[in-house]
Structures are given as structure tokens and as C-alpha cells.
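Residue-level structural notes
Residue-level listing of the chains:
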Amino acid sequence: WVATTTKRADNEADDSSNDDDDDLWGAAKKEAEASKAREADRAKREEKMRAEAEAAAQQRMAEAAALGEQVRAKREAEEAAEARLREEQEKEAEEARKAAREKALQEVNDVKNTIDLDAQRDLMMKYEQEFNDNYSAGASPSSDFGF
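All of these numbers come straight from a predicted model, not from anything done at the bench. (Residues numbered from 1 in each chain as written. Predicted model: local features only at pLDDT ≥ 70, side-chain atom pairs only at ≥ 80, totals over all residues. Heavy atoms only, no water.)

**Here we look at the overall build of the chain**
For clarity, the threshold we go by: Starting at the N terminus, helices and strands are each numbered in turn, a helix being any DSSP run of H or I of at least four residues and a strand any DSSP run of E of at least two. For every residue, the accessible area obtained with a 1.4 Å probe (protein chains only) is divided by the maximum for its type, and the residue is called buried under 20%, exposed over 50%, and partly exposed between those limits. All accessible-area figures derive from a Shrake-Rupley calculation using a 1.4 Å probe, and residue coverage is judged against the displayed protein chains alone.
For the chain, the helix and strand inventory stands at 3 helices and 0 strands. The helix and strand sequence of the chain, counted from the amino end, reads α-α-α. Taken over 147 residues, the chain has a buried fraction of 0%. Of the accessible surface of the chain, which amounts to about 14,100 Å², a share of 54% is contributed by carbon and sulfur atoms.

As C-alpha cells, then:
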């Protein structure tokens, strides 16, 4: 009789030991599942943060490109305005030169050729008189040198 009681006690001890093992195994499985869930959540958060950082970097790149495009467009507009101003100044200077040339040409063309015959006759008589006084044939060459 003692032998059967001992077997029963061993079986009961084994059963309680199995129950404890099952409880520990279940708790470990639950902990592993919870750990996997936390790991998956952490991975999702990290992926989300990476995606947000990538999107922010892309946005900054797009903004920088847009700003660069604005600066380039502004510089081109300023260069075009400067070129137009320079071209306009050159055109005005060319027109001024052309107008001055036409005015000078008109002044030259407006001069009338007139001959004052009386004044020319008086000038020739005066010239002949002076020539005869200074270079007359009756004077000796030595008198010109004070001899």
C-alpha cells in the first residue's frame, strides 16, 4: 500500500511541476511575443523617422534648387536690363553722332560761294603795290643789306 501512495505522490509532484513549467513556458512565450511586437513597433518608428528625414532632406533640396533658380532668374533679368540700357545708350549716342554729322554737313552745304570782285581787285592792287615797293627793279642789292 505504501508503494502506491508514493507513486501517486510522485505523479502529483510531477503534475505540479509540469503546471509550473507550462506556466513559465507560457509566460516566456508571451514575453517573446511582446518583445517581437515591441521590436516591430521600434522598427516601424525607425523606418518612419528615416522616411521623414528623407522627405525633409528632399524638401530642403527642392527649396534650395528653387532658391537657386530664383537667384539665377533674377541675375539674368538684371543682366538683360543692363544690356537693354547699354544698347539704348549706344543707340542714343549713335543718333547724337548722326545728328551732329548731319548738322555739320548742312552747315557746310549752307555756305554760299560768293565772290566780291571789288574786294578782290582792291586786294590785288594792294599786293602789286607792295610788291613794287619792296622789290622794285631800281634798287641795288647792296642797299638791301645796308651798304
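Text resumes after the structure shown.
**Quick word on the pattern of salt bridges**
The criterion, for reference: Salt bridges are defined as contacts in which a side-chain nitrogen from Lys or Arg sits within 4 Å of a carboxyl oxygen from Asp or Glu.
Counted according to the given criterion, the structure contains 10 salt bridges. With its nearest N and O atoms 3.9 Å apart, the salt bridge here joins E46 to R50. Of the two residues, E46 and R50 are both situated in helix α1 (residues 2–110); the distance of 4 residues between them amounts to about one turn of the helix. Under the relative-accessibility criterion, E46 is labelled partly exposed at 34%. Of the charged contacts in the structure, one is a salt bridge between E94 and R97, with a shortest N-O distance of 2.6 Å. Taken together, the residues span about one helical turn, with E94 and R97 both in helix α1 at a distance of 3 residues. According to the relative accessible area criterion, E94 is partly exposed, its value standing at 44%. One salt-bridge network, in which partners are shared between bridges, spans E39, R42, E46, E47 and R50.

**Here's the deal with a negative patch on the surface**
Here is the rule we go by: Residues enter patches when they are more than 30% accessible in relative terms and free of salt bridges; like-charged ones are connected within 9 Å and nonpolar ones (Val, Leu, Ile, Met, Phe, Trp, Tyr) within 5 Å. Positive charge is attributed to Lys and Arg, negative charge to Asp and Glu, and no charge count is given to His or to the chain ends. The location of each charge is read from NZ of Lys, CZ of Arg, CG of Asp or CD of Glu.
Taken together, D19, D20, D21, D22 and D23 make up a surface patch of like negative charges. Summarising the element assignment, D22 is placed in helix α1. D22 sits in the exposed class, given a relative accessible area of 52%.

**So, the confidence of the model for the chain**
Spelled out, the test is: Predictor confidence is given residue by residue as pLDDT, running from a minimum of 0 to a maximum of 100.
In the predicted model, the chain carries a mean pLDDT of 84, and 78% of its residues have values of at least 70. The element-level mean pLDDT for the chain is lowest in helix α3 (residues 141–144), coming to 56, with α1 highest at 88.

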